[in-house]
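Listed below, chain by chain, are the residues.
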Amino acid sequence: MTGSQGPVLSRRALIGTGLAVGAATLTAAGAGQAGAAERPSAVTAPRRAYAFLAAATDAYPDHGAVRLAQSYTDQAGLFSTAFTYDNALAVLALLASGTEDARTRATALGDALLYAQAHDPVYDDGRLRQAYNVGPYTFYDGSPQPDGFVRADGTANVGTQFGFTGTAVGDMAWAGIALGALARRTGKRRFLTGAVRIGEWIERVGRTDEPLGGYKFGVNGADEKLPFTSTEHNTDLIGLFGRLAGLTGDRVWRERRARAAAFVTKMWEPSGGFFYTGTNDGVTINRSPIPEDTQTWTRLALRSPAFARSLDWAATHLAVVDMADRRNSTVPEGQSYEGVTFSSASVLANEDAPIADGQPKPDRNGVWFEGTAHLALALRDRHAPGDEARARRLLASIERAQDLLGGGQTLGGRAVPDRSGVVSASSPLDTGFGFGYYPYRHTGATAWYLLAAARANPLEA
């Protein structure tokens, strides 16, 4: 993310576009479900989260063995969209479980990413697209989308209906991290080959010699380079290039990691103890909004005491508590959730105006559960006095949300397993970047919860 510059082809910004097109109606998430006193033991929470990942992967059993996991439940209005980023996270979360079944599923998802890389309908240069279709549907304009992940002609089914055709460096980095993890875990050369192809694509397309350096955002659907440089993306690259350096033994990846890290450290604001979001032009730093993930992922990737205060900034300035009496909250009576929101703009959102055309008004106190899981994991990784207790409270909030929010939702028209999967947000929240998050069960949020619960740092080389 690089601040307010109009539509950006990131997995996140275009979620807002898709939801604005959709006709799905937001309802009070979890209304009518059992109260907190009936909540199952937290011991079973990871198992139920894994059940959601399995259901998202198996949502379209009649449409081929090669498949990716659907990112959001059907009610989000994105149909069978499978974001590359979410699937990379699913691979990492499944590997963190340590079970043979989970590793088999992770391997299948990794092979699907390799299939997409090798069977793009236009390019053969190592790229992946922002998202793919994994099952049939009829779009809002009445046009049919009849295929599964593999189209009838054998090409990967790129998500053209929503315009998910670009390639962002951050998405590619996460896919490369996932493939690298599979290479390490399985010993299969094909996964390392795919990860190296991703790294080389990023080097060719993203590297910049602008004053602030680093790697640029990526390309849009027309293969035009985008001018922004993101702190988040370069943080992802610290993880990818570090992993490739360890797996290949090639020193060039250490140089590339250092380049990405140099950009990230330039985004540090020592007086406030946080990282800025990036730059639009390679010269001027964007100073607002300030997102949560640039505070937590930097900890996971750099692991430097010099920047440890970023977690305290996020935990303090982005802290929210959502409950039914909050304005525009959709949390049912008697429930409350604590965590963090998306950015410094989220806590100042205009609660009198919709997040986007056709969308509800935001709740300034809406909890972003994906980011809350980032923070919990980063606190566990820092392990300063009080960090573990704080992380446990955040994880308990996420587990309560898995139990009680997002009831009655479906994947591919089939009911989601009972109390499985974490919604992306407790109530509609405005990110401050032109899109929102909503109470729909989400593969990415669920995977981050599992990584935090397992203490598995995906950005550690």
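Residues numbered from 1 in each chain as written. Predicted model: local features only at pLDDT ≥ 70, side-chain atom pairs only at ≥ 80, totals over all residues. Heavy atoms only, no water.

Asks: What is the right way to read the overall build of the protein from this model?
Replies: What the protein contains, in helices and strands, is 13 helices and 20 strands. Taken along the three principal axes of its C-alpha coordinates, the protein extends 55 × 55 × 40 Å. Evaluated residue by residue, the protein yields a buried proportion of 61% over its 461 residues. Contacts in the protein between residues far apart in sequence, at least 24 positions, make up 71% of those at least 6 positions apart. Looking at charge distribution, the protein has the averaged site of its 46 positive side-chain charges lying 7 Å from that of its 47 negative ones. (Helix = DSSP H or I, 4+ residues; strand = E, 2+ residues; numbered from the N terminus. Buried < 20%, exposed > 50% of the residue type's maximum accessible area, 1.4 Å probe, protein only. Contact = heavy atoms within 4.5 Å. Lys, Arg positive; Asp, Glu negative; His and termini not counted. Charge placed at Lys NZ, Arg CZ, Asp CG, Glu CD.)

Asks: Can you walk me through the packing of aromatic side chains in this structure?
Replies: Aromatic ring pairs are reported here in terms of the distance separating the ring centres and the angle at which the planes meet. The final tally for this structure, using the stated rule, is 31 aromatic pairs. In this structure an aromatic cluster arises from ring pairing among Phe79, Phe83, Tyr137, Phe139, Tyr140, Phe162 and Phe164. The ring of Tyr123 has Arg127 sitting right over it, with the charged end atom 3.6 Å from the ring centre. The ring of Trp253 carries the charged tip of Arg256 above its face, separated from the ring centre by 4.6 Å. (Phe/Tyr/Trp six-rings, centres within 6.5 Å; stacked < 30°, edge-to-face > 60°. Lys NZ or Arg CZ within 6 Å of the ring centre and 35° of its normal.)

Asks: How do you make sense of the pattern of salt bridges when you look at a structure like this?
Replies: Note on pairing: side chains with opposite charge can pair once their charged atoms come close. Summed over the entire model, instances satisfying the criterion amount to 29 salt bridges. Across the pair Arg105 and Asp101 runs a salt bridge, and its minimum N-O distance is 3.9 Å. Taken together, the residues span about one helical turn, with Arg105 and Asp101 both in helix α4 (residues 100–118) at a distance of 4 residues. Exposure remark for Asp101: the relative accessible area of 53% places this residue in the exposed category. In this structure, Asp387 engages Arg382 in a salt bridge whose closest nitrogen and oxygen atoms are separated by 2.8 Å. (Salt bridge = Lys/Arg side-chain N within 4 Å of Asp/Glu carboxyl O.)

Asks: Help me understand the nonpolar core, please; the structure alone is not making it clear to me.
Replies: It is characteristic of soluble globular proteins that their nonpolar side chains tend to be buried jointly. If you look at the biggest cluster of nonpolar residues, it comprises 114 residues, and the most contacted ones within it are Trp174, Ile202 and Trp448. Here the element with the most residues in this core is helix α5 (residues 169–186); it accounts for 11 residues. Residue contacts for Trp448: discarding those within four places in its chain leaves Tyr85, Leu89, Trp174, Trp297, Leu300, Glu370, Ala373, His374, Leu377 and Pro458. Among the nonpolar cores identified, the runner-up in size contains 19 residues, and Phe164, Phe342, Ile355 and Leu429 belong to it. (Core = buried A, V, L, I, M, F, W, Y, C linked by side-chain atoms within 4.5 Å.)

Asks: Teacher, can you tell me more about the pairing of strand β13 (residues 319–323) here?
Replies: Both faces of the sheet carry side chains from a regular strand, because those side chains alternate between them. Side-chain alternation along β13 places Val320 and Asp322 on a buried face and Ala319, Val321 and Met323 on a face that remains uncovered. Relative to strand β14 (residues 336–340), β13 runs antiparallel, the two being bridged by 5 bridges. Residue Ala319 lies in a different strand from β14, and its bridge partner there is Val340. (Pairing = 2+ DSSP bridges.)

Asks: Whenever I open this one, the packing of helix α12 (residues 387–404) against helix α13 (residues 443–454) confuses me. Can you help?
Replies: Two numbers describe a pair of packed helices, the interaxial angle and the distance between the axes. Between α12 and α13, whose axes approach to 11 Å, the crossing angle comes to 140°. Considering their axes alone, α12 and α13 lie oblique with respect to each other. Handedness of the α12/α13 crossing: left-handed. Along its contact with α12, which presents Leu395, Ile398 and Glu399, the element α13 presents Tyr449, Ala452 and Ala453. Partitioned by chemical class, the residues of the contact of α12 with α13 number 5 nonpolar, no polar and 1 charged. (Axes fitted to C-alpha atoms, helices over the stretch in contact; angles between N-to-C directions. Parallel < 35°, antiparallel > 145°, perpendicular 65-115°, else oblique. Left-handed = near helix turned anticlockwise from the far one by under 90°. Nonpolar A, V, L, I, M, F, W, Y, C, P; charged D, E, K, R; others polar.)

Asks: Quick question: what am I supposed to make of the sheet that holds strand β6 (residues 218–219) here?
Replies: Think of a sheet as strands paired side by side through backbone hydrogen bonds, with each pair either parallel or antiparallel. The 3 strands lie next to each other as β5-β6-β7, forming an open sheet whose pairing is antiparallel. Because the sheet does not close on itself, it has two edges, and the strands there are β5 (167–168) and β7 (225–226). Of the pairings in the sheet, the one linking β6 to β7 comprises 2 bridges and is antiparallel in character. Bridge pairing in β7 links Val219 to Lys225.

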